Every structure is written in structure tokens, then in C-alpha cells.
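Geometric and topological summary
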Amino acid sequence: MIDFDHVTKNYRTKMGDNIGLDDVTVSIDKGEFVFLVGPSGAGKSTFIKLIMKEIDADSGSIKVKGREVTTMSNRQIPIHRRNLGIVFQDFRLLENKTVFENVAFAMEITHQTKRAINRQVPQVLSLMGISNYAQKYPGELSAGEQQRVAIGRAVVNRPTVLIADEPTGNLDPDTAWEIMQLLEQINQRGTTVLMVTHAKDIVDKMKKRVITIDRGRIVGDMQGAYDLHKYDISGKHKETESFRRVGGLLNRNE
Amino acid sequence: MSRAGHTIAQAFRQIGRNRAMTAASVFAITAMLLILGIFFIIIINVNTAAETVKKDYNTIEVFLKDNTPAAAVKAAENEASAWENVKAVKYRTKEEAMDILKKRWGDSAYLLNSLSRNPLPDSLVITVSDLSAANAVAEKARGLQGAEDVKFYKDTVDKLMKATNGIQIAALIIMAFLILVSVVVVSNTIKLTVLNRSEEISIMKYVGATNWFIRGPFLAEGIVIGAFSALISWGLVTFIYGRIIARIGKDVLSVISMPLVPNAFLSVNLLCIFLALGISIGAWGSIISMRRFLDT
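Residues numbered from 1 in each chain as written. Chains lettered and ligands numbered in written order. Predicted model: local features only at pLDDT ≥ 70, side-chain atom pairs only at ≥ 80, totals over all residues.

A few points about the overall build of chain A
We count it as follows: The secondary structure listing takes helices from DSSP runs of H or I that are at least 4 residues long and strands from runs of E that are at least 2 residues long, numbered from the N terminus. Here a residue counts as buried when 20 or more other C-beta atoms fall within 10 Å of its C-beta, as exposed when 12 or fewer do, and as partly exposed in between; the C-beta atoms come from the backbone. Contact between two residues is assigned whenever their backbone-derived C-beta positions fall within 7 Å.
Looking only at helices and strands, one finds 8 helices and 10 strands in chain A. Counting the 254 residues in chain A, one finds 41% classified as buried. Taking the contacts inside chain A whose residues are at least 6 apart along the sequence as the reference set, 67% of them involve residues at least 24 apart.

What follows is the structure, encoded as C-alpha cells:
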């Protein structure tokens, strides 16, 4: 489903190269639920951005559903992304659209008929448990409810992979847990889920495959939980982290 | 919703959202087009005037020696007719020349009656089809059988052509500059809309919208702004020009003895030109501003 083969990505900044990913080889199968953990700046975002083809790898091969991503033309990127649903920590809903419109928006983009939209969106909203909020605006919803809308938007086009970038980062533990159950439900329907997180308790509780990244390398890949003693995913490498943040900013301004 | 429908609806929604900026760019483009229109009218009128004047100068008179035999005259006439850029060759007897002269002198023509004999020569009047070729034709005419002298308003024509060319080039440069400024103005407006919606655009890209799906509404917005400005400025220019013709047109006519281009003719052409310009300025402006934001 997702295959990284000796993938390396460096960020060039004025202060020198920053490692994004360093010779990463990993495979995620169809239908898996995978946590991607590691300290900030370890390369988790790089990993996701490479899958989305938001950035290009320096070397190596990335395949999604058997299709090579690294050599993909700009024209093919939108089609590629329709296979991937994405959920962010900050929801990224459109404030001036209702819940229904926010979800329908993803279908409009892929040129689907009004009839298909009117059929599918209510289904998704009910699956997310937010049918009652269809005509409300994101500002009127709680954080957990907003994240449900965002997940709805991500899955309405039936992507093969759902990428969740710290989806529980802004939520209290109870709500976070509800969201995790929702993701598990989606996973059980056959969607591969790749979730980036810092939340140790969630990772431990879910008992799924955990891939640990640090300084651009995969340092752990095991079923059930990450190696708690070696890698404190929530806070290690504080100094490197801030350096990388500065580097990242410079990189963005280039 | 169909794709085109979505694009256009979205464009109008965007225009509604930044009414102030839209008004500002419509205002700016309208101002540009107005100045452009004035230059256009000046060019057209200068051209027409030049054409009218040129018509008076597109003849070359070849004076013939006295007693040139009729056969030689005929031969010269045939020869000249066959030349390139010659529209017509007419034989003018000295009597006809005298009549023309008398007509030109008008009330004073009686003075000519006192001449004991007609001093004017017979001549061939060559009308050229292209004024720029008149020099060459005049040169050749000197070699015609029986030709004594060739008369042609070379200097006048040269000056006239230089002046019209100069005016045209100057006006074109100014127009090009104005178009450029308009494009920058529109591209700034669209840039603001793009920035306003950058969040939405980034989400669209994540969900898998094609670039054209995202660009479409912005392009349509630019085109609508351009077309709208074109209509306003066209209305204004046509109205003003109509007033000018009605007020002073006739007086100017009699003073410089040349017609102003009629409003009806100008207005149709101006509408096409304004629409084409407005739409391309709008489209161009939005493409420029989007390129920076939507390269992937």
C-alpha cells in the first residue's frame, strides 16, 4: 500500500542541510492501522508530506498503491491525493461553510454530481455521529465535533489511506478517545490509517503497529507499543528540535 | 453543479466578498481604458486625416514637351499604365489644364483670359495606388518619352507620413504602458482574493482539486472585472465622443476641411477593442497573481 525504499530527504537552509528523512525503508500494508511517533522534528511530517507529494524526495522510491510517487507529474498529483484522506490537528474547516458544505466540498472538487453529494454526505455525517449538526457552522461546534467533521471530509471520497496528523492534539482525553474509536471504525471498513501522534496513552491503549522515527531514521517498528525506555516520544531532543524549527522556517521562506 | 457553473458562481461569490477591491480595480481599469480610448480616437482621426490629405498628393504630373506627337503620348501613357503601384494614367491637354486653373482661381479667373496664348503644357497625370511608391514612380516618369518635367509634392508627403508615424508610435507606447499598469492593478486585486482564500485553497489541494479547478474562479473573476470595466469605459467614451462631434465636429470640419470619424463606426470598433483588452487584462492579471501561489 505505502512502500518507502531507501528514501532520503534533506532540507537545504542557510545554516546547512537539515535531515528530514535519512535512508528510510518501510512498508505499510493495506488495511493496517499504524502509528507514526517520534520527537518533534524527527521526520514525521516529512514522511507524510512525501506521501502526499507536497515535497519531493532527494533519492529513493515511494510507492502508494503500487504507483511511484516520486516521478509523478504535477498533473497526476490531484488524482493521487484523492486516494488519501487527510486530517489535521487544527481541523482546517472552512468557517463560512456549514458542516454539510464542508464535507460536500471534498466531493465537489472531484466533480461529483449533486445527487451523489446529497446521498453520500448524510451517510458520512451519520457515521461520524454529527447528523444533527449538518446545518451548523464550525464555530458553533466543540473541538471534538469539529474533528469529526474534518474526518468526514477526509473519508467522504472513500480514500484508500487516511492520514491523520496529530488528530487528537487539540482534544481532551475523553474526546480524543472517541475520535480514536472513530478512526478504528474507519480502519475496520478497510481503510488504511496512518496516524502521527505524541499521545503515549493512546498508542499504548490501541495496541497497533508503531513506527518510531528519530532524526530522520526509523528506530523502532513493532506491534503493540513503542519502546518507552529508549524513546520518549513526547519530549526528547529539545535542543535539536528548536534548531530544526528555525531551519524549517527559513526553508519555508526561501 | 456543473464545472463551468461552479467556476462562474464561485467567481461572483468572490467578487461579492471583496466588493471594495473589485470596485477599486474596476475603477482603475476603467480609467486606463478611458485614456486608452482617447488615444485610440486620436490615432484613428489622425489616420483618417492623413489618408484624406494623402489623396490630394497621390498624383504625379508629367509635363510633356510641346509638339510631342500623339503616337508618342499614347505610347508613354501605355507604358506608365503598366508600372507597378500605378492606379491610373490620364492625358490632360493644355486646354483642360487651363480650365482647372481657372476653376481654382475662381473669381480672379478673368485675369487668365488676358493671356494671348495658353502657356500651360500638355501633361500626363499619374495616380499612384501607394503613396510610399510615389518617389519611384516619379523617377521613372522622368524617363518617359516626351517628358519635360515631373511635378510631385515629395517633401510635403514625406513630412506628413513622418508626422503620422510619430503620432502612432507614441500613442502605441503609451497604450502599451497603460495596459501593463492595468494588469498589475488586477493582479493585485486577485492576489488579495487568493490570500483571503489561501486556507481554502490549501484544503482544496489536500483533497485533490486539480489546479484548474482552483484557478478557474480566479480567472473568471479577472475576466468579469475586465469585461465590466470595458463596458463602463466604452459607454463613457462613446457618449463623450458623441458630444464632441455634435458640439464642435462641424466647426472643426470646415476649418481643417476633413471629417471626424463617425461615432457609430468608432463605437462598434471601440466596444470590440475594449472588451478584448479588458478581458485579456483581467485574465492576464489573475494568471500572474496565481502563478506565485499555485505552482504545484
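Some remarks on the overall build of chain B
Across its full length, chain B holds 10 helices and 4 strands. What you see in chain B, going N to C, is helices and strands ordered as α-α-β-α-β-α-α-β-α-β-α-α-α-α. Looking at chain B residue by residue over its 296 residues, the buried ones come to 27%. In chain B, the share of contacts with a sequence separation of at least 24, taken over all contacts with a separation of at least 6, comes to 86%.

Examining the interface of chain B and chain A
Basically, it comes down to this: Gly falls in the polar group here, along with every residue not listed as nonpolar (Ala, Val, Leu, Ile, Met, Phe, Trp, Tyr, Cys, Pro) or charged (Asp, Glu, Lys, Arg).
With 14 residues of chain B at the contact, the number on the chain A side is 15 residues. Those elements that place two or more of their residues in the side of chain B that touches chain A are helix H1 (3–17) and helix H8 (198–207) of chain B. Sort the elements by how many residues they give to the side of chain B that touches chain A and H8(B) lands first, with 6 residues. When grouped by side-chain class, the residues that make up the side of chain B that touches chain A number 7 nonpolar, 4 polar and 3 charged.

Here we look at helix H4 (residues 114–127) of chain A
Residue and element names in this part refer to chain A. Basically, it comes down to this: Multiplying 1.5 Å by the helix residue count minus one yields the expected span of that helix. The reported arc concerns the directions from the helix axis to the C-beta atoms and nothing else.
For H4, built from 14 residues, the straight-helix expectation of 20 Å at 1.5 Å per residue is met to within 8% by its first-to-last C-alpha distance of 20 Å. Among all positions of H4, only Ile117, Val121, Val124 and Leu125 are buried. Axial view of H4: buried residues confined to an arc of 95°, hence all on one face. When the buried face of H4 is taken as reference, the exposed residues oriented beyond 90 degrees from it are Arg115, Ala116, Asn118, Arg119 and Gln123. Phi for glycine 129, located one or two positions after H4, is positive at around 75°.

Some details on the nonpolar core
All names here are of chain A. Cut-off, in case you're wondering: Note on terminology: a nonpolar core is a set of buried residues of type Ala, Val, Leu, Ile, Met, Phe, Trp, Tyr or Cys, with members joined through C-beta atoms within 7 Å.
Grouped together as the largest cluster of nonpolar side chains are 74 residues, with contacts concentrated most on Leu36 and Val103. Ranked by the residues each element gives to this core, the list is headed by helix H3 (residues 99–109), at 8 residues. With near-sequence residues (within four places) excluded, leucine 36 lies in contact with Lys44, Phe47, Leu194, Met195, Val196, Ile211 and Ile213.

Overview of the packing of helix H5 (residues 143–155) of chain A against helix H6 (residues 173–188) of chain A
All names here are of chain A. For clarity, the cut-off: Only the stretch in contact is used when a helix axis is fitted, and all axes are lines through C-alpha atoms; the angle between N-to-C directions ranges over 0 to 180 degrees. Each angle is binned into one of four classes, with values under 35 degrees roughly parallel, values over 145 roughly antiparallel, values of 65 to 115 roughly perpendicular, and all other values oblique. For a crossing to be left-handed, the near helix must be turned anticlockwise from the far one by less than a right angle; the clockwise case is right-handed.
Running from N to C, H5 and H6 cross one another at 15°; their axes reach a closest spacing of 10 Å. By the angle class used here, H5 and H6 are roughly parallel. Considering how the two elements wind past one another, H5 and H6 form a crossing that is right-handed. Every residue of H6 that contacts H5 at Ala143, Gly144, Gln147, Arg148, Ile151 and Val155 is listed here: Thr175, Glu178, Ile179, Leu182 and Ile186. Within the contact of H5 with H6, the residues separate by chemical class into 6 nonpolar, 3 polar and 2 charged.

Some words on the sheet that holds strand E2 (residues 16–28) of chain A
Residues and elements named next belong to chain A. Operational definition: Being paired, for any two strands, means DSSP has found at least two bridges between them.
The strand order across the open sheet formed by 4 strands is E2-E1-E4-E5, and the pairing between neighbours is antiparallel. At either end of the open sheet lies a strand with only one pairing partner, and these are E2 and strand E5 (67–68). As defined by bridge partners, strand E1 (residues 2–13) adjoins E2 across 9 bridges and the pair is classed as antiparallel. By the bridge assignment, valine 7 is partnered in E2 with valine 24. Across the sheet, helix H1 (residues 44–52) is in contact with E1, E2 and strand E4 (59–64); its angle to E1 comes to roughly 110°.

Digging into the sheet that holds strand E1 (residues 59–64) of chain B
Residues and elements named next belong to chain B. Ordered by their spatial adjacency, 4 strands build an open sheet running E2-E3-E1-E4, and the pairing between neighbours is antiparallel. The open sheet terminates on both sides in strands that have one partner only, identified here as strand E2 (86–92) and strand E4 (147–151). Across the sheet, the mean angle from the axis of one strand to that of its neighbour is 20°, orientation sign disregarded. In this structure, E1 lies alongside E4, joined through 4 bridges in antiparallel fashion. Pairing of phenylalanine 63 across the sheet is with aspartate 149, part of E4. Across the face of the sheet, helix H6 (residues 134–141) comes into contact with E1, E2, strand E3 (123–128) and E4 while running at roughly 10° to E1.

Brief notes about the environment of Ala133(B)
All names here are of chain B. The topology assignment puts alanine 133 in the loop between E3 and H6. Take alanine 133: there are 15 C-beta atoms within 10 Å of it, and that puts it in the partly exposed class. Note: C-alpha distance between alanine 133 and glutamate 84 (49 residues apart in sequence) is 8.8 Å. Sequence-distant contacts of alanine 133, that is, excluding residues within four places in its chain, are made with Asn85 and Val128.

A closer look at the confidence of the model for chain A
Residues and elements named next belong to chain A. Spelled out, the test is: The quantity known as pLDDT measures the predictor's confidence residue by residue, on a range of 0 to 100.
Overall, the prediction assigns chain A a mean pLDDT of 86, with 88% of residues at 70 or greater. Model confidence for chain A, summarised as mean pLDDT per element, is weakest for helix H8 (residues 238–253) at 43 and strongest for strand E8 (residues 192–196) at 95. Low confidence marks residues 232–254, where pLDDT is under 50. Its contacts with residues over four positions away, or in another chain, come to 27 contacts.

Things to note about unusual backbone geometry
All names here are of chain A. The phi dihedral of aspartate 23 falls on the positive side, at around 50°, and the residue is not glycine. Turning to its location among the elements, aspartate 23 is positioned in strand E2. The phi dihedral of arginine 158 is positive, around 50°, even though this residue is not glycine. Tracing the sequence through the fold places arginine 158 in the loop between H5 and strand E7 (161–165). Arginine 158 sits in the partly exposed class, given 13 other C-beta atoms within 10 Å.

What about the environment of Leu36(A)?
Assignment of secondary structure puts Leu36(A) in strand E3 (residues 33–37). Distance from Leu36(A) to Val203(A), taken between C-alpha atoms, is 9.6 Å for residues 167 residues apart in sequence.

Observations concerning helix H4 (residues 94–105) of chain B
Spacing of three or four residues puts side chains on the same side of an α-helix, whose turn is 3.6 residues. Helix length check: H4(B) (12 residues) gives 16 Å between terminal C-alpha atoms against 16 Å at 1.5 Å per residue, within 8%. Positioned one or two residues after H4(B), Gly106(B) has a phi angle of 60°, which is positive.

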